[in-house]
Amino acid sequence: MIVVMKIGSPEAEIDRISEELKEWGLTPEKIVGKHKVVMGLVGDTASLDPLQLQEISPWIERVLRVEKPYKRASLEFRNGEPSEVIVSTPDGSVTFGINHPVVTIAGPCSVENEAMIIETAKRVKAAGASFLRGGAYKPRTSPYSFQGHGESALGLLAAAREASGLGIITEVMDTADVDKVAEVADILQVGARNMQNFPLLKKVGAQDKPVFLKRGMSATIDEWLMAAEYVLAAGNSNVILCERGVRTFERKYARNTLDLAVLPVLRSLTHLPIAIDPSHGTGKAEYVPSMAKAAIAAGADSLMIEVHPNPAKALSDGPQSLTPERFDGLMRELKVIGKAVGRWSVERVAAV
Ligand code: PEP
Ligand code: MN
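So, here's what we can say about the structure. Note that the structure is predicted; figures quoted are calculated from it, not measured.

Quick notes on the rules
Residues numbered from 1 in each chain as written. Chains lettered and ligands numbered in written order. Predicted model: local features only at pLDDT ≥ 70, side-chain atom pairs only at ≥ 80, totals over all residues. Heavy atoms only, no water. Pairing = 2+ DSSP bridges. Helix = DSSP H or I, 4+ residues; strand = E, 2+ residues; numbered from the N terminus. Axes fitted to C-alpha atoms, helices over the stretch in contact; angles between N-to-C directions. Contact = heavy atoms within 4.5 Å. Near = heavy atom within 4 Å. Polar contact = N/O pair within 3.5 Å; in protein donor to acceptor, adjacent residues only side chain to side chain. Nonpolar A, V, L, I, M, F, W, Y, C, P; charged D, E, K, R; others polar. Donors = N, O, S within 2.8 Å, 3.2 Å for Na, K, Ca; no water. Buried < 20%, exposed > 50% of the residue type's maximum accessible area, 1.4 Å probe, protein only. Phe/Tyr/Trp six-rings, centres within 6.5 Å; stacked < 30°, edge-to-face > 60°. Lys, Arg positive; Asp, Glu negative; His and termini not counted. Salt bridge = Lys/Arg side-chain N within 4 Å of Asp/Glu carboxyl O. Core = buried A, V, L, I, M, F, W, Y, C linked by side-chain atoms within 4.5 Å.

### A look at the sheet that holds strand E10 (residues 187-190)
Strand pairing in a sheet takes place through backbone hydrogen bonds and is either antiparallel or parallel in direction.
Then comes step 1: Taken in spatial order, the eight strands of this closed barrel run E7-E8-E9-E10-E11-E12-E13-E14, and their pairing is parallel. In this sheet, adjacent strand axes meet at a mean angle of 25° when their direction is disregarded.
Then comes step 2: In this sheet, strand E14 (residues 302-306) lies alongside strand E7 (residues 103-107) in parallel orientation, the contact comprising five bridges. Bridge assignment links Thr-104 to a residue of E14, and that residue is Leu-303.
Then comes step 3: In the packing of helix H3 (residues 114-127) onto the sheet, contacts are made with E7 and strand E8 (131-133), and the angle to E8 comes to roughly 145°.

So, in structure tokens, the structure goes:
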């Protein structure tokens, strides 16, 4: 349930209502929007009558029931106002959200060695990226495939952060690793295969770093939003959703089917920022640029793109990785579309 306060409601009155609601056994969550304050109510609201609630203060504009199974992730919970995820990086803060420029995340699938991660960081930064991605812990289908360098790769990401000024995003697969990954990463990635790893969702929800939640390869939109709800319910309000392709009957030409329709669909359901990953979404470098462009045109808040200095030699996901040159060229193309939809920062890509 949500309680929408009238414009100009006194702070003391909001606090008083909040206390009263706590006495009713509810957990009020105050959300300060651009114009209005909204209180999201979590708890057993089924038996409550919205009209009865409305009567507790003349400053209450209206009380609405959130019908969706996800509450905190729903658009209604913020009275229709999109949320922003603000991340501090060595170069300054970067905001993911509909009223901000598209945030580009780029880098290799896996962190392979110091030279390659630092070179990639510098190249993607020069092309206009704001975050470096790179896996230290890799979820591989085969136990015989490269599993990632683990903790030592975290050290290399820290060095690349220092050398480039970029923020770092990297995947955490195990609850036991959350704290050490969060020491290095500016954003924690929960991968497609772990989208419904509920202990992991609770753990990343109980720490402060923003969470980049990839869609499970067979997850419905409701399941994905319920996964986000786990993180939000555990106390972390900074969640970015990332579409990375789903599994369909088509397996021959593309690794996955990139579901760009999630952009308008999610906009109607949730306030959370939305990223698109055309690399895992297609599995082929030659298909990545067109889907990246389409994603920006369709309103994505962020793009995640795999870039490797030598894709042919990559230890994972080489076929879908762009070279730094191709990434630089793509960023120039993206700038045209980003500017057309009012989502490109002139300052950030001054070099492009
Ligand atoms: C990745 O980002 O390298 C990755 C493994 O992604 P996903 O979880 O989407 O497969
Ligand atoms: Mn990958």
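### Re the site of ligand 1
Then comes step 1: Around ligand 1, 13 residues are found, and the nearest of them are Arg-133, Lys-138, Ala-192, Arg-193 and Arg-244.
Then comes step 2: Within the side chain of Gln-189, one N or O atom sits 2.9 Å away from an oxygen atom of ligand 1.
Then comes step 3: Taking Arg-193, its side chain carries an N or O atom lying 2.8 Å from an oxygen atom of ligand 1.
Then comes step 4: Taken together, the residues of the shell around ligand 1 sort by class into three nonpolar, three polar and seven charged.

### Digging into the coordination of the manganese ion (ligand 2)
Then comes step 1: Looking at the manganese ion (ligand 2), one finds its protein donor set to be Cys-109 (SG), His-280 (NE2), Glu-306 (OE) and Asp-317 (OD), positioned 2.0 to 2.3 Å from the metal centre.
Then comes step 2: Counting gaps between the donor residues of the manganese ion (ligand 2) yields the pattern C-x170-H-x25-E-x10-D. You can see Glu-306 sitting in strand E14 and its partner Asp-317 sitting in the loop between E14 and helix H11 (324-340), a full 11 residues away along the chain. Each member of the pair Glu-306 and Asp-317 is classed as buried.

### What to know about the environment of Leu-200
Then comes step 1: As for its placement among the helices and strands, Leu-200 is situated in helix H6 (residues 198-205).
Then comes step 2: Judged by relative accessible area, which is 0%, Leu-200 ranks as buried.
Then comes step 3: Taking the C-alpha atoms as reference, Leu-200 lies 33 Å from Arg-343; in sequence the two are 143 residues apart.
Then comes step 4: Each residue touching Leu-200, except ones within four places of it in the same chain, is listed here: Val-172, Met-173, Asp-174, Thr-175, Val-178, Val-190 and Asn-194.

### So, the packing of aromatic side chains
Then comes step 1: Per the stated rule, a full pass over the model turns up two aromatic pairs.
Then comes step 2: For the ring pair Phe-96 and Phe-131, a centre distance of 5.6 Å and an interplane angle of 40° mean the geometry is tilted. Residue Phe-96 is located in strand E6 (residues 92-96), and its partner Phe-131 is located in strand E8; the two are separated by 35 residues in the primary sequence.
Then comes step 3: Using a relative accessible area of 0% as the deciding quantity, one classes Phe-96 as buried.

### Topic: the side chain of Lys-138
Then comes step 1: Position of Lys-138 among the secondary structure elements: in the loop between E8 and helix H4 (151-164).
Then comes step 2: For the buried Lys-138, no salt bridge exists, and the shortest N-O distance to an oppositely charged side chain is 4.9 Å, to Glu-171.
Then comes step 3: In this structure the side chain of Lys-138 is engaged in a polar contact, spanning 3.1 Å, whose partner is the backbone oxygen of Cys-109.
Then comes step 4: Not counting residues within four places of it along the chain, the set of residues in contact with Lys-138 comprises Cys-109, Ser-110, Arg-133, Phe-146, Gln-147, Gly-148, Met-173 and Ser-316.

### Focus on the nonpolar core
Then comes step 1: Leu-213 and Phe-327 are the most contacted members of the largest nonpolar core, which totals 70 residues.
Then comes step 2: With seven residues, the single largest contributor to this core is helix H7 (residues 221-233).
Then comes step 3: In contact with Phe-327, other than residues within four places in its own chain, are Thr-104, Ala-106, Val-124, Ala-127, Ala-129, Ile-305, Val-307 and Leu-322.
Then comes step 4: In this structure, Ile-14, Val-37, Leu-48 and Ile-60 belong to the second largest nonpolar core, which totals 15 residues.

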